[in-house]
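Inside the fold
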Amino acid sequence: MPCLHTESLSSLPTEGRYGVTSARRGSQGSRSKSGKKGKNGEKDAHVERNDSEKEQSVIVSAGWFFSPLWNHGAKTQRLGFRMGQESERVKAWLDDHSDSARSYFSRSSRYWVNGCVERAQAAQTLITEPRSRMTFLGRRRLPHRKSGPSRGILHPGTMKRAHSFSVQQTDNPESLDPGGRRSIQSLQSTDFPFSPRVSRSTYLPHSLRSSRPTGQCRRGKSCNFMVRLVGGPNRPLQNKNICLQVLQHLCEITHAQSCCFSMMTLDRTGVKCLGPVFQSNEESVYDYRQSEWDKCIMGYVVSTGKPLNIRDAREDPRFQIELCETGEDRPKSILSVPILNHKKEVIGVIMAVNKIRRGTCVDSCFSKQDEKVLSSHMVLFGLILENSQLCERSEQESKRNQVLLELAQLVSHDYPSLDDMLSKLAAVILPVTKAQFCTVFISDDSSMGPFSRMVHIEETNSSVQCSTRDCDTSDISYMYAVHVRNSMETLNFVNRPGQISKVPQIGSLIGTPLRGKQRGVCQLVNKRNVALAETEAFSRADELLLEDFAVYCALGLQNFNMQQKADKTRARLAVTKEVLSYQISVSQEEIHDLEESVIPSADVLCLLDFGFSDFNMSQTAMAQAVVRMFLELNLLQDFNIAFKTLCQWVLSTRKCYRNNVVYHNWSHALHTAQCMFAMLQTKELKSHFSSLEVLALMIASLSHDLDHRGVNNSYIERSNQPLAQLYGHSSLEHHHNDMCLLILNNPGSQILSSLSLKEYKACVQMIEKNILATDLAIYIEKRTKFFKLAQNNSCLWKDEGHRELLRSMLMTASDICAITKPWPVQKRIAELVATEFYAQGDREKCEFNIQPIDVMDRENSSRLPHMQVDYIDGICSPLYEALASICESCSPLKEGCRRNKTLWQQLVDSRKEEKS
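What you are looking at is a predicted structure, and each value in this text was computed from that prediction instead of being measured.

Quick look at unusual backbone geometry
Its identity as a non-glycine residue notwithstanding, Met488 has a phi of 55°, on the positive side. When you line up the elements, Met488 lands in the loop between helix H11 (476-487) and strand E10 (491-494). If you check the backbone angles, Asn634 has positive phi at about 60° while not being a glycine. Exposure remark for Asn634: the relative accessible area of 34% places this residue in the partly exposed category.

Shown next, in the form of structure tokens:
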């Protein structure tokens, strides 16, 4: 509603200048141009009040009520302050005759009070007398609502302080009776505190007259009834309530027998068409059966965008009025007006039918004035509809977003059964769409028909009941589901009264297909109207919501199926682990033999010698050597490891190395573990590493190549083996770590069972990092930092990062320790490595038809010494030199590597001489 402004007397200067301008529309003339006052003053005032019926009066002064459209800009521009010579002359005259002006203002205030008394009496008449006998003192409605009389002055005695003007009660649409009249309670409760001395019920301003006078409403765009619907303080009304009130109002102002209204909608193809017709004497939109002539006339107005006034529709050849069945329903006079939005687009159409002459039952014709009044009302009605639609769309979108959020949260959960999941999802959408029940038809690949089963969810007594049943092909809902599945389009079906006998159990139905991998159909049946206790049609918003529900339902079904597959996969994995556990377990006889055997000392087995070799050792001696290393490191006592458990773990680890692999076998694992043991027994490393770190290093060094297949990571990735799909990078090293954990958790081999939870987690993490460090790609990434620490002698034993880096370098140094062995051992191991590499090169040529790298190409076997020299210079020598600078006790490794390089270089030189 427009804002009402007042200005208190104390807010203006003591000797202010008051300007009075005269104009036909925007300003007012003074009571007398000459300013004379005398015996005819009262008569002149009466004449002046009559003149106010012809033109709007706006007087600007201290303590007066201004026009609703008043603002600071209008005060200085529209009302003519400091504009024009005439205004200046009037202000000058008022300054020179202040006594006359004060007398004029005092006398005029008495006229204003008398007018308030007359309007109060009129208000009492409005309350006590019937509406047909009401008169309003001969005044017509003004173009704008005012808070006080259009021509009056307050007495200075009543203006001790400014008072506000309350419009909350007057703008409440609920204060109107169905005919649009103001109720007694609304009139009596309205607060207009003009003065602290005046009672609330004494004076009623002009704006509190009846919402419209008897007969036609001539206010047009300023109609109080329409303005209340546009700018009332209450929340926006729903479309049906707005239409019912407006149509009843239009029937009264046009004296029409009935009024119809229809909004423009979009069909499924996107073409604009007229929606359901709403009639003034109907309670529901869908109860009114539209005739063909209704559609014809409304469609004509929509297409032309102009009003249509028909004096006798039965004589108009453009419309087929003869289709009406009875004479009572046959219309005569018709007035139809389009409803436009702010873009001047047609959004609806209003049609008034059969004007009745006032006070009689005689038919009449709609006049030009009726057309003008109806058209002017449609300007505000178009704004009302746009605002209402915007509010409804906003509320619908808010509800829709809330529903989608709840559905998204529910989809991510795990459910024990399909019924539980669908019931949780349906419980969200059923209250919003007000559907009686929801049915989800599910298709499986194994089903012979369109659907394998259906899940029925129904809300009863604030609880959701879900049941799964087989599909009944004779059920009508099943037939609709098949139709939706075949067409893959949303179906919205309404069972009209004429079709009830065909499908009595379905009043309205909406179905949409499930898209994606999961095929099926979601259905909502029987939208309930609690107020009318009947079934109504599903709206377009319900269709969109069901389509979104179908998306989340498909995601939920897919998630549930994946969960079922994951559970089956876990079950298969458990069975596989059980079988593998049996395969990697050794016999009790082997465990007993190792347990009862005499374990030789470390000196006898040469375990402290960096030149250790196992070529002349038996399998039993090799197992005894591993047990001796754990005994020498005092790991059994530190971690309470049972001797039998250690024996079983060692034998199980040996069994998981493949015998058909030439180099990466149990012998290589023993060499790696022995080299690690020899380094850990040096004084520098023995004093700085904890027992838990030593345990993790020994387990990792013996298990770092478990279940090696004789090929490297490059071949695994190129052949797209499951290991590559499972791990992505460092596939073999990750697999070795998993096999190590599998053995450690195998019953009877759990050497870490006595560790606390914290120690166990720390040990397992160190084992994983140590095994991954044996990947040469990771070694090359880390070695630069290690070389800088060794060169600057800045390795800090208390720094966990430095300790982890050192453990990684120790793992690599142990893994490639064959290059430091005595020459006969080194040469034999080099030949074994070359044999394994050449076998992989042959497979690459055969399987991938590619040329392998030089070290794996059998045609380069004569260049083995040259490749060994390059290997020592690029990988081995820098590592052992850096390690010797940190730990001098590891210098034999550096010396052995340098000695073998010299021998390999001699072979290179000799072969060059042979070629030359």
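Some thoughts on the nonpolar core
Grouped together as the largest cluster of nonpolar side chains are 97 residues, with contacts concentrated most on Phe630, Trp649, Met679, Met698 and Ile699. Sort the elements by how many residues they give to this core and helix H17 (residues 666-680) lands first, with 10 residues. Leu418, Leu514, Leu524 and Ala550 belong to the second largest nonpolar core, which has 34 residues in total.

Points about the packing of aromatic side chains
Within this structure, the stated rule accounts for 11 aromatic pairs. Between Phe786 and Phe787 the ring centres are 6.3 Å apart and the planes differ by 55°, which places this aromatic pair in the tilted class. Note on Phe786: relative accessible area 1%, which makes it buried. Classification of Phe787 as partly exposed rests on a relative accessible area of 21%. Here Trp823 and Trp904 contribute two aromatic rings whose centre-to-centre distance is 4.9 Å and whose plane-to-plane angle is 70°, an arrangement assigned as edge-to-face.

Here's the deal with a positive patch on the surface
On the surface, a cluster of positive charge is made up of Lys517, Lys565, Lys568 and Arg572. Tracing the backbone shows Lys517 in the loop between strand E11 (508-514) and strand E12 (520-529).

Focus on the environment of Gly382
Position of Gly382 relative to the elements: it lies in helix H9 (residues 368-411). Since its relative accessible area comes to 0%, Gly382 is described here as buried. Placed 38 residues apart in sequence, Gly382 and Lys344 show a C-alpha to C-alpha distance of 9.7 Å. Contacts of Gly382, omitting those with residues within four sequence positions, involve Ile339, Leu340 and Ile347.

Points about the environment of Leu685
Here Leu685 shows up in helix H18 (residues 683-686). A C-alpha to C-alpha distance of 9.1 Å links Leu685 and Ser889, two positions 204 residues apart in sequence. In contact with Leu685, other than residues within four places in its own chain, are Met679, Leu680, Trp797, Leu806, Leu810 and Cys887.

Conventions used here
Residues numbered from 1 in each chain as written. Predicted model: local features only at pLDDT ≥ 70, side-chain atom pairs only at ≥ 80, totals over all residues. Heavy atoms only, no water. Helix = DSSP H or I, 4+ residues; strand = E, 2+ residues; numbered from the N terminus. Buried < 20%, exposed > 50% of the residue type's maximum accessible area, 1.4 Å probe, protein only. Core = buried A, V, L, I, M, F, W, Y, C linked by side-chain atoms within 4.5 Å. Phe/Tyr/Trp six-rings, centres within 6.5 Å; stacked < 30°, edge-to-face > 60°. Patch = residues over 30% accessible without salt bridge, like charges linked within 9 Å, V, L, I, M, F, W, Y side chains within 5 Å. Areas by Shrake-Rupley, 256 points an atom, 1.4 Å probe, with all protein chains shown as cover. Salt bridge = Lys/Arg side-chain N within 4 Å of Asp/Glu carboxyl O. Lys, Arg positive; Asp, Glu negative; His and termini not counted. Charge placed at Lys NZ, Arg CZ, Asp CG, Glu CD. Contact = heavy atoms within 4.5 Å.

Bear in mind that shape data such as this cannot, by itself, settle questions of function.
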